[in-house]
Amino acid sequence: MKIINKLEEWIGGSLFILIFLILIAQILARQVFHSPLNWSEELARLLFVYVGMLGISVGIRNQQHVFIDFITNLFPEKVKKVANSFVQLIIFICLISFIHFGIKLFFKAENNIFTLGISEKWMYGSLPLIACLMLFRFFQAQYENFKNGLSYLPATLFVILTVLALATLYFAPDFFKIFRISDYVKFGKNAVYITLAFWLIIMFIGTPVGWSLLIATLLYFSMTRWNLSSYAAEKLVSSLDSFPLLSVPFFILTGILMNTGGITERIFNFAKALLGHYRGGMGHVNIGASLIFSGMSGSALADAGGLGQLEIKAMRDAGYDDDICGGITAASCIIGPLVPPSIAMIIYGVIANQSIAKLFIAGFVPGVLVTIALMVMNYYVSKKRGYPRSPKATLAERCQAFKKAIWAVLTPILIIGGIFSGMFTPTEAAVVAALYSIIIGMFVYKELTLKKLFQSCVEAIAITGVTVLMVMTVTFFGDMIAREQVAMRIAEFFVSVADSPVMVLVMINLLLLFLGMFIDALALQFLVLPMLIPIAMHFGIDLIFFGVMTTLNMMIGILTPPMGMALFVVARVGNMPVSVVARGVLPFLVPIFITLVLMTIFPQIITFIPNLLMP
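This report concerns the structure included in the present document. Treat the numbers as computed from the prediction; the structure is a model and nothing was measured.

### Observations regarding the overall build of the protein chain
Tallying secondary structure elements over the protein chain gives 28 helices and two strands in all. Taking 2.2 N^0.38 as the reference for a compact globule, 615 residues should give roughly 25 Å; the C-alpha atoms of the protein chain span a radius of gyration of 24 Å, in line with that estimate. With respect to the principal axes defined by its C-alpha atoms, the protein chain has extents near 80 × 60 × 55 Å. Expressed as a percentage of its 615 residues, the buried residues of the protein chain come to 57%. At a minimum sequence separation of 6, the contacts of the protein chain that also span at least 24 residues come to 80%. Here the protein chain has roughly 25,600 Å² of accessible surface; of this, 68% comes from carbon and sulfur atoms.

### Digging into the nonpolar core
In this structure, Phe98, Trp211, Phe250 and Phe546 are the most contacted members of the largest nonpolar core, which totals 212 residues. A total of 15 residues in this core trace back to one element, the largest contributor, which is helix α21 (residues 450-483). Dropping the residues within four chain positions of it, phenylalanine 98 is found in contact with Leu127, Ala131, Met134, Trp211, Leu214, Leu236, Leu469 and Met472.

### Considerations on the packing of aromatic side chains
Scanning the model with the defined rule gives 16 aromatic pairs in all. Ring geometry for phenylalanine 101 against tryptophan 226: centres 6.3 Å apart, planes inclined by 35°, an arrangement best described as tilted. Here the residue phenylalanine 101 occupies a position in helix α4 (residues 77-108), and tryptophan 226 occupies one in the loop between α9 (209-223) and α10 (228-238), the gap between them amounting to 125 residues. On the basis of relative accessible area, phenylalanine 101 is assigned to the buried category, the value being 2%. Each member of the aromatic cluster is reached from another via a ring pair, and the members are Phe101, Tyr220, Phe221, Trp226 and Phe476. In this structure, lysine 121 packs its charged tip against the face of phenylalanine 106, placed 4.9 Å from the ring centre.

### Looking at the pattern of salt bridges
Applying the stated criterion to the full structure yields 13 salt bridges. We note a salt bridge from glutamate 41 to arginine 45, for which the minimum N-O separation is 3.3 Å. A residue pair is termed a helical-turn pair when its members lie 3 or 4 positions apart in one helix, as glutamate 41 and arginine 45 do in helix α3 (residues 40-62) at four residues. The buried category is assigned to arginine 45, whose relative accessible area is 15%.

### Considerations on helix α11 (residues 247-260)
Between its first and last C-alpha, α11 extends 20 Å over 14 residues, near the 20 Å set by a 1.5 Å rise per residue. Buried residues dominate α11, accounting for 12 of its 14 residues. Taken as a whole, α11 has its buried residues at Ser247, Val248, Pro249, Phe250, Phe251, Ile252, Leu253, Thr254, Gly255, Ile256, Leu257 and Met258.

### Focus on the side chain of threonine 551
Within the fold, threonine 551 resides in helix α25 (residues 543-557). Those residues in contact with threonine 551 that sit more than four places away from it in its chain are Pro337, Leu338, Ala344 and Met345.

### Re the packing of helix α8 (residues 190-204) against α9
Their axes nearest at 9 Å, the elements α8 and α9 cross at an angle of 155°. Classified by the interaxial angle, the pair formed by α8 and α9 is roughly antiparallel. Here the hand of the crossing between α8 and α9 comes out right-handed. Together, Ala191, Val192, Ile194, Thr195, Phe198, Trp199, Ile202 and Met203 of α8 and Val209, Ser212, Leu213, Ile215, Ala216, Leu219, Tyr220 and Met223 of α9 make up the contact between the two elements. Of the residues that constitute the contact of α8 with α9, the class distribution is 14 nonpolar, two polar and no charged.

### Looking at the environment of threonine 467
By secondary structure assignment, the location of threonine 467 is in helix α21. Between the C-alpha atom of threonine 467 and that of lysine 189, which follows or precedes it by 278 residues, the distance is 31 Å. If we ignore the near neighbours within four places in the chain, the residues touching threonine 467 are Ile347, Leu522 and Phe526.

### A few points about the environment of methionine 470
On the secondary structure map, methionine 470 appears in helix α21. A relative accessible area of 2% means that methionine 470 is categorised as buried. Expressed as a C-alpha distance, the spacing of methionine 470 and phenylalanine 546, which sit 76 residues apart in the sequence, is 21 Å. If near-sequence neighbours (up to four positions away) are discounted, methionine 470 is found in contact with Val66, Val209, Gly210, Leu522, Ala523 and Phe526.

### Side note on the packing of α4 against α10
Where α4 meets α10, the closest approach of the two axes is 10 Å, and the angle between their N-to-C directions is 90°. By the criterion of interaxial angle, the relationship of α4 to α10 is roughly perpendicular. Of the residues in α10, those touching α4 at Phe98, Phe101, Lys104, Leu105 and Lys108 are Ser229, Ser230, Tyr231, Ala233, Glu234, Leu236 and Val237. Here the residues of the contact of α4 with α10 are counted per class, giving seven nonpolar, two polar and three charged.

Criteria and cut-off values
- Residues numbered from 1 in each chain as written.
- Predicted model: local features only at pLDDT ≥ 70, side-chain atom pairs only at ≥ 80, totals over all residues.
- Heavy atoms only, no water.
- Helix = DSSP H or I, 4+ residues; strand = E, 2+ residues; numbered from the N terminus.
- Rg over C-alpha atoms; globule rule 2.2 N^0.38 Å.
- Buried < 20%, exposed > 50% of the residue type's maximum accessible area, 1.4 Å probe, protein only.
- Contact = heavy atoms within 4.5 Å.
- Areas by Shrake-Rupley, 256 points an atom, 1.4 Å probe, with all protein chains shown as cover.
- Core = buried A, V, L, I, M, F, W, Y, C linked by side-chain atoms within 4.5 Å.
- Phe/Tyr/Trp six-rings, centres within 6.5 Å; stacked < 30°, edge-to-face > 60°.
- Lys NZ or Arg CZ within 6 Å of the ring centre and 35° of its normal.
- Salt bridge = Lys/Arg side-chain N within 4 Å of Asp/Glu carboxyl O.
- Expected span 1.5 Å × (residues − 1).
- Axes fitted to C-alpha atoms, helices over the stretch in contact; angles between N-to-C directions.
- Parallel < 35°, antiparallel > 145°, perpendicular 65-115°, else oblique.
- Left-handed = near helix turned anticlockwise from the far one by under 90°.
- Nonpolar A, V, L, I, M, F, W, Y, C, P; charged D, E, K, R; others polar.

Here you go:
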């Protein structure tokens, strides 16, 4: 039983390490031996498809996929139980559809993967194969839900339904035509509006965002032309066959290794030696450490979770109130997705088909501006509350702190320098950063073991699975958006009420700020950007600028209740109520908003350097 329960971890972790080794070999072959490997990139992408789907399976077992619960938390227990039962039924239908589409894609695949010389069946076969494992994990999760009184539907019922569904698909596939709504009612152009309304309803009653996108798109095709769903389903797998997307798990791994290998503590001590003696010094240390750490992990929540506990303890020891400890820690973590490398920028680059290297450059100045703005507010609050200064570090203490942190501080220089010098692609830079973190953790600081490394890889896979599910389903959902020209309809509305690009940007900012209060930043990025990017193009807005602006906007969302994820993470690591963190973050929202307004009015702040370096 232990083998079965650890199957994704062992297989996924092993494949992830294999991808890691392949990409290291690719870099060495090109940079050292000047003999590029023609097959390495395609093999790495193929293996990533499997690894990403195994990550989805882990998420199902642990019930960790992103969902919106601020409405369901208001439900009475019985209503919540009914809603959860309905959600489980939706996930079950999605998994059966994964198997169904996967089998059809497998037998439809006729081309070869060029450099590997093997059939595409190897790639498309991942969907039905791992979907069966996902279904098994679903049974396990549902068994626990029923046992704990969270659902009215026992796992046995889903097992029976699975047998019936798979038998019907094999022996009588035409039976499922009875679910084609278009055979009974013609909705015409109203189908998309009904679909969007249905999608919003099921998402706000607790259906994980990824699964809500899939089931909504299935409903749309059942109301229109069901046969087209098989062609659209090809994107479920092919959306993962992306080399830039492959950088996400490696930047996540780098952030995890930074925490595991003792690197975050040294970063914090270095920032303390530099900034601790100023007014509000420990707050400045908190912000400065976040700036340094953001040049390694590219994730806001990795910063909040990794550095947060260390920062809050140090601020408490220095006499700071809990609200300011939590507020600064939460506010400073949003620097991560702005300063390169940035996972949010990578995802935007994939969605918008923009240069990730150029996005990285564009995010640097806004990241520094946010840092300075937060420090100004921290100085004001600290002076008003009379917080003490820390003793000034001596030159010898600063040199010692720098000596201990030098290997960690070199990480962002390695990443950015490698990308901009042309030595690495962003994905290769992520691999090099992870390798560098392993070397530092194992051989320099000697706090990272092989066991911890493998566990870190498994953790990276689980976190990546959340992103992978949304990448798959949002591209499927995007087929509906494209067919119905939803983005163009929204653009027409914007044209009717806005008379300039600046006005359009103001409206988009207000929309994202509002939605960010209720929808997780990652989910919001996948849900809204595919519709907003065509609008930006329509109004001639620079898409590099647009990516940075929307990223900062969505980062504000993780600081605002009721869905502010950074608030929850900081509250957990700091062992304080969420309300205290929310109260503490309020004054720091002011400088962040001012920075957003300046960027919106003067986009040259963002575009100047990337246009200069990469015209």
